[in-house]
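Next come the chains, spelled out residue by residue.
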Protein chains: 4
Amino acid sequence: MAGSTYGTIFKITTWGESHGKGLGVVVDGCPAGIPLSEEYIQSFLDRRKPGQSKFTTPRKESDTVEILSGVFEGKTTGTPISMMVRNENQKSKDYSEIASYYRPGHADFTFDAKYGFRDYRGGGRSSGRETIGRVAGGAVAMALLSALGIQIQAYTKSIGPITCDMTRFDLNEIKHNSVCMPDAYAADKAQIYLNACMDNQNSAGGIIECIIDGVPAGIGDPVFEKLDANLAKAIFSIGAVKGFEIGDGFAAAASTGLDNNDAFCTDADGKITKATNHAGGILGGISDGTQIVFRAAIKPTPSIAAQQQTVKRDGTPITISIQGRHDPIIVPRAVVVVEAMAAITIADMMLLNLGAKQDTILDFYK
Amino acid sequence: MAGSTYGTIFKITTWGESHGKGLGVVVDGCPAGIPLSEEYIQSFLDRRKPGQSKFTTPRKESDTVEILSGVFEGKTTGTPISMMVRNENQKSKDYSEIASYYRPGHADFTFDAKYGFRDYRGGGRSSGRETIGRVAGGAVAMALLSALGIQIQAYTKSIGPITCDMTRFDLNEIKHNSVCMPDAYAADKAQIYLNACMDNQNSAGGIIECIIDGVPAGIGDPVFEKLDANLAKAIFSIGAVKGFEIGDGFAAAASTGLDNNDAFCTDADGKITKATNHAGGILGGISDGTQIVFRAAIKPTPSIAAQQQTVKRDGTPITISIQGRHDPIIVPRAVVVVEAMAAITIADMMLLNLGAKQDTILDFYK
Amino acid sequence: MAGSTYGTIFKITTWGESHGKGLGVVVDGCPAGIPLSEEYIQSFLDRRKPGQSKFTTPRKESDTVEILSGVFEGKTTGTPISMMVRNENQKSKDYSEIASYYRPGHADFTFDAKYGFRDYRGGGRSSGRETIGRVAGGAVAMALLSALGIQIQAYTKSIGPITCDMTRFDLNEIKHNSVCMPDAYAADKAQIYLNACMDNQNSAGGIIECIIDGVPAGIGDPVFEKLDANLAKAIFSIGAVKGFEIGDGFAAAASTGLDNNDAFCTDADGKITKATNHAGGILGGISDGTQIVFRAAIKPTPSIAAQQQTVKRDGTPITISIQGRHDPIIVPRAVVVVEAMAAITIADMMLLNLGAKQDTILDFYK
Amino acid sequence: MAGSTYGTIFKITTWGESHGKGLGVVVDGCPAGIPLSEEYIQSFLDRRKPGQSKFTTPRKESDTVEILSGVFEGKTTGTPISMMVRNENQKSKDYSEIASYYRPGHADFTFDAKYGFRDYRGGGRSSGRETIGRVAGGAVAMALLSALGIQIQAYTKSIGPITCDMTRFDLNEIKHNSVCMPDAYAADKAQIYLNACMDNQNSAGGIIECIIDGVPAGIGDPVFEKLDANLAKAIFSIGAVKGFEIGDGFAAAASTGLDNNDAFCTDADGKITKATNHAGGILGGISDGTQIVFRAAIKPTPSIAAQQQTVKRDGTPITISIQGRHDPIIVPRAVVVVEAMAAITIADMMLLNLGAKQDTILDFYK
């Protein structure tokens, strides 16, 4: 099936494999008139680029983006924005062994089951490099959202058993440690934990939290196109995500109506808002004007150097040890990917919302 | 936006409000030749029907389904299957008070924000009755999946703080208690907990778990149309869902690669399978042929008789107490809704998978 | 496949067969706040209803519409509008003969080829009655377009060899003759022609022209979603349509650039417009603010009483004569169907256009 | 809106402008295992390349395609195939004059109306170069269709007033004249006509006919997704198309049921077929297994050197003469574009048809 396109009006189509010529994205349906430059896109890509700390793969890629279309005199034209990053560091080596067996936790087996064969030189479309297109596309969405006064900020909430203490929450801290945590103390402990993982040829997972400010009330639709349902799909479409929750999430299941309901009230300006935010900013699938908060669970990197049992394509048992350039944790690099997918989803649903009421349509065309 | 249609090839479009003339669904893209009857559809609707225990709303509705099109001589014809349930129990009463304020935890405020006004006689499209169309559509999907040897079974995993002990897991038990739990002991404790909630004019939430057997390897697509991403959206589109996880889910975030990876092995027939199933049956967005396992967190029913603070449409504070026919917990009635949305998703992606390989296309058209 | 849904934001899903319980439509994505009543919808359905002249089938159907959802206190709520018409005149008869052979010009053979069997009691989904859902859905679109000052008017341009003389063009005349022609003289000649067709147990085709006034410049998209491409699909999806052209259409192919180009100029108000309209109101797939003009060619009714050669399901030759209630021409009844499909297409593309420019999005959300 | 993607399962997304860095396409949903090479794609692109005769623009472009992803070891992998052509001949010049007025017959005015500004260096997305992505994508579809035994052949049916005499029809002749006509005599006359057009600083239009052999019965869907409706949209989405007809097309409107109906019969192998083909191979929107025949009307090239009246952006009248590298006719170069759009449409609908019957689904998954 055609599964490389996401969005209804604001739409991205990504392409490329880890060991092919490059990767890219076509952003279609972007409104005309948004200032956009390669430098702006690059600043997002640089956040997911490898080699930024000892906890990311040492594979060297500059991941330099080229805008190929859709921007004229520094502004989007309303036509498709094509962007590309060339792969630089495709090591030429013997892949015959890797081709012969199925790595645990990877999509090797399921690709073979689906397509009959696979590009065995790496993860192919299941590689983390697939997210380059998402991040470039998300940067375009972010340019629109910024103009609308919307901020999206994700960060590492936990790594393995180490969780940030939200009483020490400091947004500025996120950029100052290599694990993207908003709590310097937790960040230190997480790095100790990761060092131990690496020593054991093992890997770690974690939780990413994302907060979105400035989304007006009324975004999202009541039934299948709920804003939270679309965020769930967007985030779950990122490789390695195993869980998604909004507001109090799974904890809400153990709560009661009295505790979980958020009382409506008015703010200092007399605007209707909520006294608490157990709901995470969405009611009935539609944004309520308060902060949107969600979390994603990321599994540990499946590529580990420790010995593992698996089978060859013909079912023969084999013991393997995955060598090479692998991140002991992908959580810090996935933070910007989560932001990107959230941005695309919010931008798309804000465009879809423009026709909700006859009054505003009459205004537009008057 | 048009948010009442779900699916790409196997597609449902639902309609109807809690206090309108009725509710229904059009199932389009269903293959021709599937035996289908009103009795079969009704057996699914009866599982979500109100009035089956003291823990569900006493609103009396027979929810009798009528098939209006798409079935001829007992089989689907390949053309749209329209099904309808008439509302019977629309109490004529004075809604002026309800219309004037925003109920906490409900979509009253967000509907007004989006559409400028709302059908204030009840939940409108945000009512639990909206799921009638999902369940009827899901029954059609289930008819196809059953012919393919696929079973989908959901059940209540927890209610409030009471969780099933999976060592006592007994599928038959699900039908024998009013909370749909596969553990008789937990079911008893849950009912005591719910009685206490009701005494306190309060409500409860819970977790639904769903297991799917028989899905062949290869279903789902690598990037945005991952099978788990689509299940996430499908389940999150059900009102009151606040979290979704697959396999080990959030627990995987605290695990390590060595513990979380599932070793491939062969079964007694020499077929490739996995020694464990932390992944929940999906790798890289594509089914791996093992059991698919996911969980959904359901928030407590927001309609409670206890006093709550909220505001009127103009922002004036008001204290309310929601009277009427409300479920103290919706989890047991949502079990069949979860199965329905899973069935539609799996059926759709199995149809989308038919064209994955040139070889099988050549076979089909030879 | 799921082929019963049309539109992207303003979306209709139709269902029902000629000899089933009824037919209907779900309109999803309609903006909130549009005044709508059953009487308004009915006025459109009455124009396609059978039995209005000797040139339409005498099958008696009142085709009374019921609005089942999506309208509250006389206005659309933004949620799906479900509408239904019950079939009344399903003659109970012996269909075994009809079931056994393939009628020339009908979809009997292709349905069997596709689905393996068919509802042989009539045309099934290929019956002209399928257009009931289109017309009801089109009426909703028309309600929105009327509020925007847009008028859509179709009429019979020709019947068999008889063509209207546009120098005698009179819109009021359309309602005064049974063939929907805007030229009384041609209408008389057409009726004589049709009487001769009926005497010969034969049938006729014709051309429908549609003019659309008031569409602002800027509607439609440059590449695959051109406004004319979408009109072409919309009109071609009506059964029996064999040709579609816009502006000068096929005649443009024989013209030259100098003759076919429309010079831009300004009107009395200084607004930019065109001195001529060979283009039919669309340039590069986008409306230019002038009148949109298109034509559709409709084939002669395939059901004729004259003897025809065909084959049974097993290939045996057979001579048949189709008895029963059939229109000798469907063109006059198809006029309102053409208007409906045009209205849905224009409404949908006007909603899609709302997000074309950043400036207007900032205005909307300021 | 996002209007640069076409198709449901087999899907192309095109990008690029005439004077940008390049143009390209992402083909998504292509089955795995189809042999594909740059040489094969190039052979299609070479047929639309400029500079092949005196009747095409002398703009020099090699239009060399690069496959960037989705092909491994010479076969499609099932993942997106990204292809790009770099623009080479972007003359650096002063565009200030062109930017100031609206060319008749072009999309300059409608782009400004929609997006507020435009890439004034050329046609932008409305340039004929936009079809590069369509042709590259169509070549991939053709690779699949060829394996299925399907041939698609388009040719010039008429140029201005010169029409091929089908009694002289010779497919081989198409490649031997510069106007792609299957009739050498008509080709000679057409070239004389075109020379006269060029002498007069004028341009010509024409009609393209397309015949498709080998499509099995059963492709297409009964209502909105009729095969002919999708072909109509596909062809009408090509710039400059003003009319589309299938089978007898507009002539059918003047015929009678008795003459227009195609009798079913059996062929030498006992297979059910039709004695005539007025329908053009499609009945009720579904292919009937006979040859599919359609025609498209192409308007004269709007860029002409002769003087024309138009207005500046502010409405001031101006007389212009369009200089530069323009085709006096685009019909011969559009032939391969018509084939490409037909191929994509047929391929997509053949994939969508795989799930029409339960029986074949059970076979696939058994």
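Presented here is a report on the structure given in the accompanying data block. (Residues numbered from 1 in each chain as written. Chains lettered and ligands numbered in written order. Predicted model: local features only at pLDDT ≥ 70, side-chain atom pairs only at ≥ 80, totals over all residues. Heavy atoms only, no water.)

### Description of the overall build of chain A
Of the regular secondary structure elements, chain A holds nine helices and 18 strands. Expected size for 366 residues packed as a compact globule is a radius of gyration near 21 Å; at 22 Å, chain A falls within 12% of this value. When the backbone C-alpha atoms are referred to their principal axes, chain A occupies close to 65 × 50 × 40 Å. The 366 residues of chain A split such that 67% are buried. A separation of at least 24 residues holds for 67% of the contacts in chain A among residues at least 6 apart in sequence. Accessible surface, chain A: about 11300 Å² in total, of which carbon and sulfur atoms supply 50%. A gap of 7 Å separates the mean positions of the 36 positive and 40 negative side-chain charges of chain A. (Helix = DSSP H or I, 4+ residues; strand = E, 2+ residues; numbered from the N terminus. Rg over C-alpha atoms; globule rule 2.2 N^0.38 Å. Buried < 20%, exposed > 50% of the residue type's maximum accessible area, 1.4 Å probe, protein only. Contact = heavy atoms within 4.5 Å. Areas by Shrake-Rupley, 256 points an atom, 1.4 Å probe, with all protein chains shown as cover. Lys, Arg positive; Asp, Glu negative; His and termini not counted. Charge placed at Lys NZ, Arg CZ, Asp CG, Glu CD.)

### Digging into the sheet that holds strand β7 (residues 81-86) of chain D
All names here are of chain D. The strand order across the open sheet built from five strands is β1-β2-β3-β7-β4, with neighbouring strands paired in antiparallel fashion. Each of the sheet's edge strands pairs with one partner strand only, and the pair in question is β1 (5-6) and β4 (65-67). With three bridges connecting them, β4 and β7 associate as antiparallel partners. The residue bridging I67 from the neighbouring strand is M83, located in β7. (Pairing = 2+ DSSP bridges.)

### A look at the relation of the copies chain B and chain A
Superposing chain B onto chain A takes a rotation of 180 degrees plus a shift of 0.0 Å along the axis, which leaves an RMSD of 0.0 Å. In symmetry terms, the pair is related by a two-fold rotation axis. Counting the interface residues of chain B, we find that 100% of their copies in chain A are interface residues as well, pointing to one common contact surface. (Least-squares fit on C-alpha atoms with pLDDT ≥ 70 in both.)

### As for the interface of chain B and chain A
How big an interface is tends to be stated in terms of the accessible area lost upon association of its parts. With 106 residues of chain B in contact, the opposing surface of chain A contributes 106 residues. Both faces considered, chain B and chain A share a buried interface measuring about 8100 Å² in area, 65% of it formed by carbon and sulfur atoms. Viewed at the interface, chain A and chain B are joined by four salt bridges. In this structure, the salt-bridge partner of K233 of chain B is E225 of chain A, at a minimum N-O distance of 2.9 Å. Remark: the boundary between chain B and chain A carries 35 residue pairs in polar contact (both at pLDDT 80 or more). Classifying every residue of the side of chain B that touches chain A by side-chain character gives 50 nonpolar, 37 polar and 19 charged. In this sheet, strand β11 (residues 241-246) of chain B lies alongside strand β11 (residues 241-246) of chain A in antiparallel orientation, the contact comprising three bridges. (Buried area = accessible area lost by both parts, 1.4 Å probe. Salt bridge = Lys/Arg side-chain N within 4 Å of Asp/Glu carboxyl O. Polar contact = N/O pair within 3.5 Å; in protein donor to acceptor, adjacent residues only side chain to side chain. Nonpolar A, V, L, I, M, F, W, Y, C, P; charged D, E, K, R; others polar.)

### Side note on the packing of aromatic side chains
Under the counting rule described, the total for this entry stands at 46 aromatic pairs over all chains. Judged by centre distance (5.3 Å) and plane angle (75 degrees), the ring pair of Y102 of chain A and F109 of chain A falls under edge-to-face. Neither Y102 of chain A nor F109 of chain A differs from the other in exposure class; each is buried. Ring centres of F72 of chain B and Y120 of chain C lie 5.0 Å apart, and the angle between their planes is 85 degrees; this geometry places the pair in the edge-to-face category. (Phe/Tyr/Trp six-rings, centres within 6.5 Å; stacked < 30°, edge-to-face > 60°.)

### Topic: the pattern of salt bridges
Taken as a whole, this structure holds 96 salt bridges over all chains when the rule is applied. For the salt bridge of R118 of chain A with D112 of chain A, the shortest nitrogen-to-oxygen distance reads 3.3 Å. Pair check on accessibility: R118 of chain A and D112 of chain A agree, each one buried. Of the charged contacts in the structure, one is a salt bridge between E66 of chain B and K21 of chain C, with a shortest N-O distance of 3.2 Å. Here K21 of chain C lies in the loop between β2 (11-16) and β3 (22-28) and E66 of chain B lies in strand β4 (residues 65-67), a pairing that spans two chains. Several salt bridges converge on common partners, so that one network encompasses R103, D108, D112, R118 and R313 of chain A.

### Digging into a nonpolar patch on the surface
Where nonpolar side chains cluster on the molecular surface, the patch consists of M166, F169 and L171 of chain C and spans about 220 Å² of accessible area. Mapped onto the elements, F169 of chain C comes out in the loop between β9 (162-163) and α5 (184-199). (Patch = residues over 30% accessible without salt bridge, like charges linked within 9 Å, V, L, I, M, F, W, Y side chains within 5 Å.)

### With respect to the interface of chain A and chain D
Listed as interface residues are 45 residues of chain A and, on the opposing side, 45 residues of chain D. Roughly 3400 Å² of surface becomes buried between chain A and chain D when both sides are summed, with 62% attributable to carbon and sulfur atoms. Together, W15, F72 and F117 of chain A form the three largest contributors to the area buried by chain A at its contact with chain D, with a combined 18%. For the interface between chain A and chain D, the tally reads six salt bridges. One salt bridge connects K21 of chain A with E38 of chain D, and the closest N-O pair in it is separated by 4.0 Å. Counting the contacts that link chain A with chain D gives 14 residue pairs in polar contact (both at pLDDT 80 or more). For the side of chain A that touches chain D, the elements supplying multiple residues, two or more each, are β2 (11-16), β3 (22-28), β4 (65-67), β6 (75-76), β7 (81-86) and α3 (108-115) of chain A. For the side of chain A that touches chain D, the leading source of residues is β2 of chain A, giving five residues. Tallied by class, residues from the side of chain A that touches chain D come to 15 nonpolar, 17 polar and 13 charged.

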